[in-house]
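Take a look at the letters that make up each chain.
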Amino acid sequence: DESESTEGSSNGLDPAEQPVEDSLKSETETALKDNIEELADNSVEYRYVTLGKFGYDPLVSYKTIISEFTSFAAQYPEQMATDKEAVAQFKTRTSNVVNYLVKEFEMKKAATMYKRAKVAKVGQLDTRKLATYQLKDDIFKSVTTYNAGKNHGMIIIVDWSGSMHNCIKETIEQVINLAMFCARSQIPYQVFAFTDAYKNPSREAFADSYRKENKSFSEFSSLDELDVNRGHLSMLELFSSKMSSSEMNRMIDILKSKNLGYFLPLNGTPLNESLAYVYEYLPKFQRQFNAEKMTFITLTDGQGGRLEARNNIENMR
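If you're wondering where the values come from, they're calculated on a predicted model, not measured in any experiment.

## Remarks on the confidence of the model for the chain
Reasoning step 1: Considering every residue of the chain, the mean pLDDT works out to 81; 74% of them sit at 70 or more.
Reasoning step 2: Within the model, the stretch residues 1-10 combines pLDDT values under 50 with four contacts to residues more than four positions away or in other chains.

## Quick look at the sheet that holds strand S9 (residues 293-299)
Reasoning step 1: Taking strand neighbours across the sheet as the criterion, the five strands line up as S2-S8-S6-S5-S9 in an open arrangement whose pairing is mixed. Strand pairing shows two members of the sheet lacking a second neighbour, strand S2 (59-60) and S9, which therefore form its edges.
Reasoning step 2: Summarising the sheet, strand S5 (residues 152-159) and strand S6 (residues 189-195) pair through six bridges and their orientation is parallel. Across the sheet, residue Ile157 finds its bridge partner in S6, namely Phe192.
Reasoning step 3: Sitting on the sheet, helix H4 (residues 62-75) is in contact with S2 and strand S8 (234-240), with an inclination near 95° to S8.

## Observations regarding the pairing of S6
Reasoning step 1: Of all seven residues making up S6, seven are buried, and the element is well covered by its neighbours.
Reasoning step 2: Taking every second residue as pointing to the same face, both faces of S6 are buried, with Tyr189, Val191, Ala193 and Thr195 on one and Gln190, Phe192 and Phe194 on the other.
Reasoning step 3: Relative to S8, S6 is paired through six bridges, and the arrangement is antiparallel. By the bridge assignment, Phe194 is partnered in S8 with Met235.

## Looking at the side chain of Ser274
Reasoning step 1: Assignment of secondary structure puts Ser274 in helix H10 (residues 271-289).
Reasoning step 2: Beyond its immediate stretch of four places on either side in the chain, Ser274 contacts Ile157, Phe194, Leu233 and Met235.

## Brief notes about helix H7 (residues 201-211)
Reasoning step 1: Those residues of H7 not exposed but buried are Arg203, Phe206, Ala207 and Tyr210. Along the axis of H7, the buried residues cluster in a sector spanning 95°; they form a single face.
Reasoning step 2: Residue Asn200 occupies the N-cap position of H7, its side-chain oxygen lying 3.0 Å from the main-chain nitrogen of Ser202.

## Brief notes about the side chain of Asp159
Reasoning step 1: As for its position among the elements, Asp159 is in strand S5.
Reasoning step 2: Here Asp159 sits buried without a salt bridge, and the closest side chain of opposite charge, Arg203, lies 16 Å off (N-O distance).
Reasoning step 3: Reaching out from Asp159, the side chain makes a polar contact with the side chain of Ser161 at a distance of 2.7 Å.
Reasoning step 4: Beyond its immediate sequence surroundings of up to four residues, Asp159 is in contact with Met164, Ile168, Phe194, Thr269, Leu299, Thr300, Asp301 and Gly302.

## Let's talk about the packing of H4 against helix H8 (residues 245-255)
Reasoning step 1: Between H4 and H8, the least distance of the axes is 11 Å, while the angle of their chain directions is 55°. Put simply, H4 runs oblique to H8. Of the two elements, H4 crosses H8, and the hand of that crossing is left-handed. Between H4 and H8, the residues in contact are Tyr62, Lys63, Ile65, Ile66, Phe69 and Thr70 and Glu247, Arg250, Met251 and Ile254, respectively.
Reasoning step 2: Taken together, the residues of the contact of H4 with H8 break down into six nonpolar, one polar and three charged.

## Regarding unusual backbone geometry
Reasoning step 1: A positive phi angle, close to 60°, is found at Gln186, a residue other than glycine.
Reasoning step 2: Here Gln186 is to be found in the loop between helix H6 (168-185) and S6.
Reasoning step 3: Judged by relative accessible area, Gln186 falls into the exposed class, the value being 73%.
Reasoning step 4: Although it is not a glycine, Gln303 sits at a positive phi angle of roughly 60°.

## What to know about the environment of Phe289
Reasoning step 1: Note that Phe289 resides in helix H10.
Reasoning step 2: Residues contacting Phe289, with those up to four places away along its chain left out, are Pro188, Ser241 and Lys242.

## Some words on the nonpolar core
Reasoning step 1: One finds Trp160, Phe239 and Met251 to be the most contacted residues of the largest nonpolar core, which totals 44 residues.
Reasoning step 2: Secondary structure elements with two or more residues in this core: H4, helix H5 (84-115), S5, H6, S6, S8, H8 and helix H9 (260-263).
Reasoning step 3: It is H6 that contributes the most residues to this core, nine residues altogether.
Reasoning step 4: Trp160 has contacts with Ile168, Ile172, Ala193, Phe194, Thr195, Leu255, Leu260, Leu264, Pro265, Leu266, Asn267 and Gly268, leaving out every residue within four places of it along the chain.
Reasoning step 5: Counting 18 residues, the second largest nonpolar core, distinct from the first, contains Tyr210, Ala276, Tyr277 and Leu282.

## A short note on H6
Reasoning step 1: Spanning 18 residues, H6 covers 26 Å between terminal C-alpha atoms, matching the ideal 26 Å at 1.5 Å per step.
Reasoning step 2: Phi turns positive, to about 60°, at Gln186, one or two residues after H6.

## Section: the packing of H6 against H8
Reasoning step 1: Axis separation between H6 and H8 bottoms out at 11 Å; the angle between their running directions is 175°. With respect to H8, the element H6 is oriented roughly antiparallel. Taking contact as the criterion, the partners of Ile172, Ile176, Ala179, Met180 and Ala183 in H6 are, on H8, Met248, Ile252 and Leu255.
Reasoning step 2: Across the contact of H6 with H8, the residue classes break down as eight nonpolar, no polar and no charged.

What counts as what
- Residues numbered from 1 in each chain as written.
- Predicted model: local features only at pLDDT ≥ 70, side-chain atom pairs only at ≥ 80, totals over all residues.
- Heavy atoms only, no water.
- pLDDT = per-residue confidence, 0-100.
- Contact = heavy atoms within 4.5 Å.
- Pairing = 2+ DSSP bridges.
- Helix = DSSP H or I, 4+ residues; strand = E, 2+ residues; numbered from the N terminus.
- Axes fitted to C-alpha atoms, helices over the stretch in contact; angles between N-to-C directions.
- Buried < 20%, exposed > 50% of the residue type's maximum accessible area, 1.4 Å probe, protein only.
- Arc of directions from axis to C-beta.
- Polar contact = N/O pair within 3.5 Å; in protein donor to acceptor, adjacent residues only side chain to side chain.
- Lys, Arg positive; Asp, Glu negative; His and termini not counted.
- Salt bridge = Lys/Arg side-chain N within 4 Å of Asp/Glu carboxyl O.
- Parallel < 35°, antiparallel > 145°, perpendicular 65-115°, else oblique.
- Left-handed = near helix turned anticlockwise from the far one by under 90°.
- Nonpolar A, V, L, I, M, F, W, Y, C, P; charged D, E, K, R; others polar.
- Core = buried A, V, L, I, M, F, W, Y, C linked by side-chain atoms within 4.5 Å.
- Expected span 1.5 Å × (residues − 1).

Encoded structure:
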């Protein structure tokens, strides 16, 4: 009977004659795929944008900060005084931590170099091994070559916003530890504090040039570019490998002064703008110091301000 001959086969073929692909197909996976496609939200519109360019230089050098603090402290000597004894005690504690970090770093470097060591024969007989030539084949002198370690580099950015108020003291101490570690280990480094409260002359001049033409300086960005100029970003260089020892000690005194907030107030969080700046700056730093292995550290509690694309800004007007 014809109906009996096709029983047990969904397509009228004997199971032994079905294609191998059909017999191995997962019905559960197929059902899952179909259900996911039905649940997919096709109403979402994706729009791709790129980082815009800064029309001004957000960087404020450590020399400028030291100079401005000296002038500021002369006007408010009591508020900006530094507890010398407390700073001396802090430096002693920090020195112990830094010594430990340097020790661990040097041990890791030595272990890495030993792991990469290569032993090669020099083609000359080792007279000390001649007596054992009947027992050992290795009677030639050898030389061990150690590959040089990679050049390191480090960039650290610190959140100088109001939400960091409860932990800014501890954060500053951590920054000082890292700066002293880099200095001791001779690692090229820079530490920036990102803020929107500093009156950056470079940014003011950039904004004024657009105001005189009755334009918004956001127009500096092209369409579909994230406007990084609206966040009032300044990158305050707190520490650098270019610093002298006296300049580093002076910066530590500044950061440990009693009322630092009078001089460098905590305000908004231009985190995204600072990341956009580092994105452009880091490759330049790497080339300048020939750093083969870069470390980028962000000390922040997050929640940065929103970046707008040029099209969004136009639509908001």
